[in-house]
Protein chains: 4
Amino acid sequence: MKNPCTATLLIKCQDRAGIVQAVSEFLYRYGANIVTLDQYSTEPEGGQYFMRVEFAVDDLPNVFDNLEESFSHTVAKTYQMQWQLFDNAKRKKVGILVSKYDHALLDILWRWQQGQMNCDIACVVSNHDDLRQAVENFGVPFHHVPVTKANKAEAEAQIHALMADCDLLVLARYMQILSPEFVSRWEMKVINIHHSFLPAFVGADPYRQAYDKGVKLIGATAHYVTAELDQGPIIEQDVHRVTHRQNVVELRAIGQDIERSVLTRAVRWHIENRVIVTGNKTVVFN
Amino acid sequence: MKNPCTATLLIKCQDRAGIVQAVSEFLYRYGANIVTLDQYSTEPEGGQYFMRVEFAVDDLPNVFDNLEESFSHTVAKTYQMQWQLFDNAKRKKVGILVSKYDHALLDILWRWQQGQMNCDIACVVSNHDDLRQAVENFGVPFHHVPVTKANKAEAEAQIHALMADCDLLVLARYMQILSPEFVSRWEMKVINIHHSFLPAFVGADPYRQAYDKGVKLIGATAHYVTAELDQGPIIEQDVHRVTHRQNVVELRAIGQDIERSVLTRAVRWHIENRVIVTGNKTVVFN
Amino acid sequence: MKNPCTATLLIKCQDRAGIVQAVSEFLYRYGANIVTLDQYSTEPEGGQYFMRVEFAVDDLPNVFDNLEESFSHTVAKTYQMQWQLFDNAKRKKVGILVSKYDHALLDILWRWQQGQMNCDIACVVSNHDDLRQAVENFGVPFHHVPVTKANKAEAEAQIHALMADCDLLVLARYMQILSPEFVSRWEMKVINIHHSFLPAFVGADPYRQAYDKGVKLIGATAHYVTAELDQGPIIEQDVHRVTHRQNVVELRAIGQDIERSVLTRAVRWHIENRVIVTGNKTVVFN
Amino acid sequence: MKNPCTATLLIKCQDRAGIVQAVSEFLYRYGANIVTLDQYSTEPEGGQYFMRVEFAVDDLPNVFDNLEESFSHTVAKTYQMQWQLFDNAKRKKVGILVSKYDHALLDILWRWQQGQMNCDIACVVSNHDDLRQAVENFGVPFHHVPVTKANKAEAEAQIHALMADCDLLVLARYMQILSPEFVSRWEMKVINIHHSFLPAFVGADPYRQAYDKGVKLIGATAHYVTAELDQGPIIEQDVHRVTHRQNVVELRAIGQDIERSVLTRAVRWHIENRVIVTGNKTVVFN
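Caption draft 1: How the structure looks around the interface of chain B and chain A. Taken together, the contact pairs 32 residues of chain B with 32 residues of chain A. Summing both sides of the interface, chain B and chain A together bury roughly 2,900 Å²; the carbon and sulfur share of this comes to 54%. A per-residue breakdown of the area chain B buries against chain A is headed by B:K213, B:K216 and B:H244, which together make up 23% of the total. Across the contact surface, chain B and chain A share four salt bridges. With its nearest N and O atoms 3.5 Å apart, the salt bridge here joins B:R241 to A:D238. Joining chain B to chain A, the criterion identifies 18 residue pairs in polar contact (both at pLDDT 80 or more). If you list the elements that add at least two residues to the side of chain B that touches chain A, you get β2 (33-41), α8 (206-213), β11 (234-241) and β13 (281-284) of chain B. Take the side of chain B that touches chain A: its biggest share by element is seven residues, from β11(B).

Written as structure tokens, this is what we have:
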């Protein structure tokens, strides 16, 4: 679905008049055709400003570095922008961490196989060996890295090495808490699926918590992982209606459907460069 | 929509074989036709059992007392039931408490006027005088009962007196916290609409909390009022999708649409005797 | 919610490189700050191109005519645009046509009263007198224009006269079919709410049709009115889940909730200049 | 999730007083504990009556035949019931027909593998060989039965033979129209997923039709197959919101998510004996 000759520019800066003009004029001088342009300002004037521009340029590979360099010295400097430029022909490398539940993992792999996920799946790492066959059926490398209290640092080092060239880690129901050290090396590059509608039901066994509370909707939340458990910037959430009739086992089954679709959407938006983090929140241009 | 000659029986007891048989045989002896029957057991056998039966009997008004008395000595006794029997021709009396927001109030009054709410609206009480005209347009009495820190007990006494013959109080965005004394006199007879998806965002200004947290869905929760703020049994909840673009004012406007539909459904289920409270949860037969 | 000094520009043309640049540079020369910018192209290059820009300019009232004139001779000419420019301080005048059902009417009037609809409600016209009081309670003029087979042309002339200075007519469940002559005078300026999920259930009594068909969702559709009944460009649709249990009367009640929210959204998008018609479809920038 | 010692009774008859009593008394005499009981009547009295009872009996395998025989001569006869009794320990045999799209097929197979579908998957038949590996990965037999205009009758005979002992055929995007002869041999035993919100967009390429019409929601419909194409009793439907931005390819991708969840639910309800067909509609007790 991606044109191989497009690039995406993400911008964050103070809102001022003239930003669209400056960016579009800059791109126009490179002969770019703007494919999509989204912008958002927290306040009409003087707020935080966010922009996402996807543009097509002939012969992009030869132009890219020059364009990036030039933008840095001109528009980005003038408006004191934080910004990133992505060549959409360079697919992001994604590593997946999983334990025993396969629902979220399989949904991502299947969509990836269908061409719905514009990324490469580098490998899948699990602290159990159960899902090896399912992963290898997709032609994706599988690594079993057991984690115990004793070997945790070592295991994380091993994961880090296996994932070293990844742009994104996806925790597709990975039942180990990553250490602050690990997380800090992958800042805003780890997406987790939490099986509740956060901030409700932080912590262990949220479906049990939801059952005990008697809520009428259960949900799931995809968020970037930060040092504070279940507190990172939320990318996507969804819910499903339940009644008193569902027991905890049935809530889990319903929840899995929510989890897989929420995680898939969040990962897709990240790899399509649609997410900008601001403070502990996200701006999602989708 | 209600047949005037129907009654509704609500039952809670330990699950045992033969309950449906016993109840339906009992009713059959009175010539009753079962209109709807719902049942739920927390576990296949030996769990908590809940039942709702709506049945039609010719000449119900003359039969009702005898049927109730008889049920008490026979089936209810055998199965050690907690139970309630309602003559559906006797419409529940509902009192509404409101402050300045009119959205939930007007939705209930409009549906009531349309014949969608099978109850009588006894009166509306507010701590402000703003909504008098809107309420009186529906032909419903309006009472202004100002509440201050100083006069709170007195004001509650006044409300209690005005609502004395009501079967249900509805807090349609009533911005005063009812005292534990008041609440205990109206146990499981006060329904509140909280403007968040509980248990997320307990307390004040939940739309501000939701905005600050960056959630992707906002919600509302209708629950019975207990002494513990925002912690009573949940009757109904719903949510609506939002994005980073909505500010707090817009979240409030979107939230009002959720609040009014959630509260209306909860009130309707209560007056149609569809809600059974068990512990801090509800069984809703809808 | 609208800044009084903003204007909205709607554009339709052939897609070519440089449009964003040309428009934003043009606006920049007027000192405009772009508040929101949306664009859409049916194909990456060479398709139909659509744009909506909302921008703020100091002293807009004094600049507006000059800006409009200038745009016409420059950018609009270069790109052969079909375009419209709206001063957002000039609220659109809306006339409402209704018969006996009040649900959609009241929802619009209530939101208008709350300040959620950035328009003036010029008047309400009905072929019945039933809703006079309800309308006048909002301080809005009500006109009773009976329609019979015999007087239809005359009645439409009367409606036309009453609505003459309106920018938009809203059929909030108006149970008369407007003549092709009337419709042609109000091209893409009449919004109707049809009580089904079009194109399913065109014509009379769609809830009966839905019941007979046994669909599991019922819906409503807001569309511009064209000479062909129920076939105009769709602006908004929504649905609600139903089961075999709902009879036609209950479907109607559920449907009314969908109708009012769908119509309100469509009207709001129109008056906020978010809708561009293209062929028999709409582009909605919301 | 199913207790192996439960049975399900489905009943259709004229509504009369005493049915619940008669059925529950009958079951009580067999020492049955009613696990769930649902009933529905098209009208309060004298309408069509439908009932689903799931009950547990000790030593069901030894009692089943006797119970069935006895019911036939007593309650069923008295009330002139059409009825079916199912031993829930005997899992239904399901055959799946598919062409090249795998989304619906894989979702069913995965849920079946998870234990979420209480059935046996007898085999998968396809008119293409593409999905052989995917199916065999689940340990399910795969048969390639090519279909051409010339060999259609023969191919259908082959399918019929392969599926001979199945209780249900599922068309999980099978792109061949079954002959009336085939359909008549499998009356109300073939479930198809149609990729539109029926009755909108009957026939070929419904996502193209939806795109051309500019609808704001797309949907899918699971229905029993009858001789008349896309007209059989609807079991389940669902929709998803789209905008002008989605092209036909994207509508298809979104639609696949709806198709798989709608078909899965319909199949699950059928194998759990939750669906009763009445005329061209369904009563679904879920």
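Caption draft 2: Highlighting the relation of the copies chain B and chain A. Expressed as a screw operation, the relation of chain B to chain A combines 0.0 Å of axial shift with a rotation of 180°, fitting to an RMSD of 0.0 Å. Both copies are brought into coincidence by an operation consistent with a two-fold rotation axis. When C-alpha distances to the rotation axis are compared across chain B, the minimum falls at B:A200, with a value of 2.4 Å. A shared interface surface links the copies, since 100% of the contact residues of chain B are contact residues in chain A too.

Caption draft 3: The nonpolar core, seen in detail. Ranked by size, the top nonpolar core spans 215 residues in total, and within it A:I96, B:I96, C:I96 and D:I96 carry the most contacts. Element by element, the count of residues in this core is highest for helix α9 (residues 248-271) of chain C, at 10 residues. The contacts of C:I96, once residues within four sequence positions are left out, are C:L105, C:I108, C:L109, C:I121, C:C123, C:V124, C:V125, C:M163, C:V170 and C:A172.

Caption draft 4: Representation of the interface of chain A and chain D. The partner chain D presents 15 residues to the 15 residues of chain A that form the contact. Across the chain A to chain D interface the summed buried area is about 1,200 Å²; carbon plus sulfur atoms make up 41%. Our enumeration of links across chain A and chain D arrives at four salt bridges. We note a salt bridge from D:D107 to A:R260, for which the minimum N-O separation is 2.9 Å. The interface formed by chain A and chain D contains eight residue pairs in polar contact (both at pLDDT 80 or more). The dominant element in the side of chain A that touches chain D, judged by the number of residues it contributes, is helix α4 (residues 103-114) of chain A, at six residues.

Caption draft 5: Highlighting the side chain of C:T264. Along the chain, C:T264 turns up in helix α9. Once residues lying within four places of it in the same chain are set aside, the contact partners of C:T264 are C:D107, C:I108, C:R111 and C:M117.

Caption draft 6: Quick peek at the pattern of salt bridges. Counted by the stated rule, this structure contains 56 salt bridges over all chains. Salt bridges linked by common partners bring A:D107, A:R111, D:D257 and D:R260 together as one network.

Caption draft 7: How the structure looks around the sheet that holds strand β3 (residues 48-56) of chain D. Residue and element names in this part refer to chain D. Reading across from one edge, β2-β3-β1-β4 is the order of the four strands in this open sheet, with antiparallel pairing throughout. Of all the strands in the sheet, just β2 (33-41) and β4 (82-87) have a single pairing partner and so form its edges. On average, each strand axis in the sheet is inclined to that of its neighbour by 10°, with strand direction left out of account. Of the pairings in the sheet, the one linking strand β1 (residues 6-14) to β4 comprises six bridges and is antiparallel in character. Each residue of the ladder has a partner; that of K12, found in β4, is Q82. Contacts from helix α1 (residues 19-29) reach β1, β2 and β3 within the one sheet, and its direction differs from that of β3 by about 20°.

About the criteria used
Residues numbered from 1 in each chain as written. Chains lettered and ligands numbered in written order. Predicted model: local features only at pLDDT ≥ 70, side-chain atom pairs only at ≥ 80, totals over all residues. Heavy atoms only, no water. Contact = heavy atoms within 4.5 Å. Buried area = accessible area lost by both parts, 1.4 Å probe. Salt bridge = Lys/Arg side-chain N within 4 Å of Asp/Glu carboxyl O. Polar contact = N/O pair within 3.5 Å; in protein donor to acceptor, adjacent residues only side chain to side chain. Helix = DSSP H or I, 4+ residues; strand = E, 2+ residues; numbered from the N terminus. Least-squares fit on C-alpha atoms with pLDDT ≥ 70 in both. Core = buried A, V, L, I, M, F, W, Y, C linked by side-chain atoms within 4.5 Å. Buried < 20%, exposed > 50% of the residue type's maximum accessible area, 1.4 Å probe, protein only. Pairing = 2+ DSSP bridges. Axes fitted to C-alpha atoms, helices over the stretch in contact; angles between N-to-C directions.

These results come straight from atomic positions and should not be treated as a statement about function.
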